[in-house]
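# Chains, contacts and geometry: an overview
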Amino acid sequence: MRALAIAAVLYAVASLLAVAPILPAPSRLVTGLANGPRVLDRTDQQMVLATIVGNARRLVSRPGVLRDEGQCFPLPKAYALGEHMFGEGVLAAPAWLLSGDPVLSFNSMLVLRLWIPAMAMFAFVFHTTRNGWAAFLAGLLYGVHHYRVTDPVHAFVHGDMWLPLGLLCVHRLFEGGRWWPILGLSLAVALSVLESLYPLLAVVIVLTTYTSFLAAKFPSRIPHAAPRIALALIAPVLVAWWVFAPYLELKDSWGVLQGIAPMFADAGDYLPRGSYFPGATLGLLAIVGLADRLRGPRDTAAGDPRWGIAVAGFLCFWSSIYFLPLPFTGLRLPSPLSLGIGIVPGLDSARSLVLVKIGFVSCLAVLAGYGVLAIVESIGTTARVVVVALLTSASLLETLHPSVQPIFYGHLPRFEAYEGGISGIYRTFVEDVRPPVLDVPMNVGVLSDQAHYLQWAAYHGGSTAACYNSFPSPVSFATDEIASRLPDPRAAHALAAIGFRSVVLHGELIEDPAERAEANARFRDGTSPALEPHAHAGHHLVFRLPLPRDVRASFDALTTPPPSAAPDVLVERSPEDQDLSVVFEAGPGSTYRHPEPLAPSDLIATWEAPGGATVGRASFRGLLPLAIAGGDRSTRRLPVPVPPTLGSGSFVVRVSRAAEPERVLGVARVHLPR
């Protein structure tokens, strides 16, 4: 226990050194790279901070809506467009509960995501070696590792912090453990599921390999361990379904989360000064630990783990590279993960599969612990202190010192602290905004603006139309079609029907002073009970949208608009589908809102010649309007197929649902050139 307490304190000191730039003001400052892709890191960090803090806030106050609130509103469970970061929300939740401060909560998570893996690795290596020196170095090398320290923005991609706990529990189950290893394994895997797909893949590879190693080594113990492992995995499987099912549903219903090329590494990237070099101290000690295994095993009740760990590390390394060259053959074996694309559901949605490299580091850390054991076991106490101090210094210098890092990693990541929060009267102003929030101008796809809006969301704490993810939201443009008509009261009614409660005009994003003044005047003059002025600060205006009345969430609320309501659009012939401007109209009285579920519909486009004769018909999928105020019209751009047999001329296109083909919901007028 004394060794564990000392290690905990020293790991905490090392973790704080890794985030030193923020320590003067941890509730205001965030840390990021001062070189490299600086602008992208800044916008990424605003998005990540808002997502993690939002998750922490919901876990503390409204856990039932954890999957449902966030960015890209009104798309349901929009977290599936990118990383869910629920695990980081768990780490940030205690600080949020105590402080209610977004930046402090985020920074506390950065420290914990270094300290926790160090402690977990200490526990596993100490159990298998019974040596505090070996366990301490293994934990330090694993927790305060170059990969984690140099990426304070994307904490979730290194979220394998619970893996050593899983290894410990599997090991204990093969030693005869009964109940606490079951609970520990269940907790470790479930928490890994809450992190990200990338570290989860590494966790699955390492735990599966190590479990198979123990089963092959001790077949007589399988009847004891197997049912307990199966029992431990029940909760993680349910958590995995809860987390990942929306990813598959979004992919099936919207056709997104696909069409990307996965990124792997080259084998040479792991050499010194390469992009993914795991570290000199870590690598050398791991080699010593593996060489020591050649002299014979160091038996515990479940045996020496090193061969199983070495195989697991090799599999993570192989999975992270494009091809594994076989010496003296000219053959190259592709990454096992690349072979799984198209077989494992959702794997084709993962871009950075190279990130399973973190599992390689975890295995090296275990081997490094044995390397330390081989060095210190035969020397005196004073010599041990000196050796461990030197190894600790070497590890921290190559990871944290700007003069030493380039020697091993080939680049110098310089960090700086900058203002990441909102303070003073402006913070009170932002926290008073009532979500869900629509920030205008929406500027769909402009990442800097979306990140700025998400920074606001970290303080008002609710859903927002802002969308910054690995994949674009398929409803953002549909929302923007309505928002672009503000301050028209009918557009405000439609937005209220969708669920928005506030509109924030960001005048600071309108660079031209004359345009900014015109927008401010237009919104102020155009306000009505449907768009009620609430507050202002600087160039910002906040409007409240009252709760909607007489809303019909049914396609029956739509009526057929006359063809004259649609503009005559010239469409160039193309082998691809055309995005046509289709006009829809809501019946008088109640406001139409898209019924649940919010998803594309199976549609039919009927093409009519000027005389009314049908000259073509095609099926397609598209999103019908989100909302239309009673008696109002709305235009949606839909991917309407152009029949290849049509000649030139003018046509009327009538759009209906495949479920009700005779009921026309929208119309367009199209002119096809010769």
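With that settled, the discussion passes to the state of the cysteines. For the structure on display, the rule yields one disulfide. Left unpaired, cysteine 169 is separated from the closest cysteine sulfur, that of cysteine 363, by 16 Å. With no disulfide of its own, cysteine 363 lies closest to cysteine 316 among cysteine sulfurs, the gap being 5.5 Å. Take cysteine 363: its relative accessible area is 3%, and that puts it in the buried class.

With that settled, consider the nonpolar core. Residues Leu81, Phe106, Leu185, Trp254, Leu438 and Leu486 are the most contacted members of the largest nonpolar core, which totals 182 residues. Leaving out residues up to four positions away in the same chain, leucine 438 has contacts with Ala465, Thr479, Ala483, Leu486, Leu495, Phe500, Ser502, Val503 and Val504.

So, about the pattern of salt bridges. Overall, the coordinates contain 26 salt bridges when judged by the stated rule. The partner of arginine 306 in a salt bridge is aspartate 304, with the nearest N and O atoms 2.6 Å apart. The residues arginine 306 and aspartate 304 share a single accessibility class, namely buried. The network of salt bridges with common partners includes Asp292, Arg295, Arg298, Asp304, Arg306 and Glu377.

The next subject is the sheet that holds strand 5 (residues 437-440). Pairing is mixed in the open sheet, where four strands are placed in the order 5-6-8-7. In this open sheet, the two strands that pair with only one neighbour each are strand 5 and strand 7 (532-537). Within the sheet, the average angular offset between the axes of one strand and its neighbour, ignoring direction, is 20°. When strand 5 meets strand 6 (residues 502-506), the two strands line up parallel, connected through four bridges. Paired with leucine 438 across the bridge in strand 6 is valine 503. Packing against the sheet, helix 19 (residues 447-460) makes contact with strand 5, strand 6 and strand 8 (540-544), and its axis sits at approximately 135° to strand 6.

All right, on to the sheet that holds strand 9 (residues 551-552) then. An order of 9-13-16 is seen for the three strands of this open sheet, with the pairing classed as mixed. On the outer flanks of this sheet lie strand 9 and strand 16 (627-628), each paired with one strand and no other. The sheet contact formed by strand 9 and strand 13 (residues 591-593) spans two bridges and is parallel. Following the sheet pairing, valine 551 is matched in strand 13 by threonine 591.

Moving on to the packing of aromatic side chains. For the structure shown, the criterion picks out 21 aromatic pairs. Ring geometry for phenylalanine 264 against tyrosine 322: centres 5.5 Å apart, planes inclined by 70°, an arrangement best described as edge-to-face. Pair noted here: phenylalanine 264 is in the loop between helix 11 (234-254) and helix 12 (280-293) and tyrosine 322 is in the loop between helix 13 (306-319) and strand 2 (323-325), with a separation of 58 residues, a long-range link. Relative accessible area serves as the criterion here: at 9%, phenylalanine 264 is assigned to the buried category. Between the aromatic rings of tyrosine 270 and phenylalanine 360, the centroid separation amounts to 5.7 Å while the plane-to-plane angle is 85°, which identifies the pairing as edge-to-face. Here tyrosine 270, found in the loop between helix 11 and helix 12, pairs with phenylalanine 360, found in helix 15 (residues 357-376); they are 90 residues apart in sequence, far enough to count as distant. Owing to a relative accessible area of 17%, phenylalanine 360 belongs among the buried residues under this scheme. Among the aromatic residues, those joined into a cluster by ring pairs are Tyr79, Phe86, Trp242, Phe244 and Tyr247. One Lys or Arg, arginine 221, reaches over the ring of phenylalanine 218 and ends 4.1 Å from the middle of that ring.

Conventions used here
Residues numbered from 1 in each chain as written. Predicted model: local features only at pLDDT ≥ 70, side-chain atom pairs only at ≥ 80, totals over all residues. Heavy atoms only, no water. Disulfide = S-S within 2.5 Å. Buried < 20%, exposed > 50% of the residue type's maximum accessible area, 1.4 Å probe, protein only. Core = buried A, V, L, I, M, F, W, Y, C linked by side-chain atoms within 4.5 Å. Contact = heavy atoms within 4.5 Å. Salt bridge = Lys/Arg side-chain N within 4 Å of Asp/Glu carboxyl O. Pairing = 2+ DSSP bridges. Helix = DSSP H or I, 4+ residues; strand = E, 2+ residues; numbered from the N terminus. Axes fitted to C-alpha atoms, helices over the stretch in contact; angles between N-to-C directions. Phe/Tyr/Trp six-rings, centres within 6.5 Å; stacked < 30°, edge-to-face > 60°. Lys NZ or Arg CZ within 6 Å of the ring centre and 35° of its normal.

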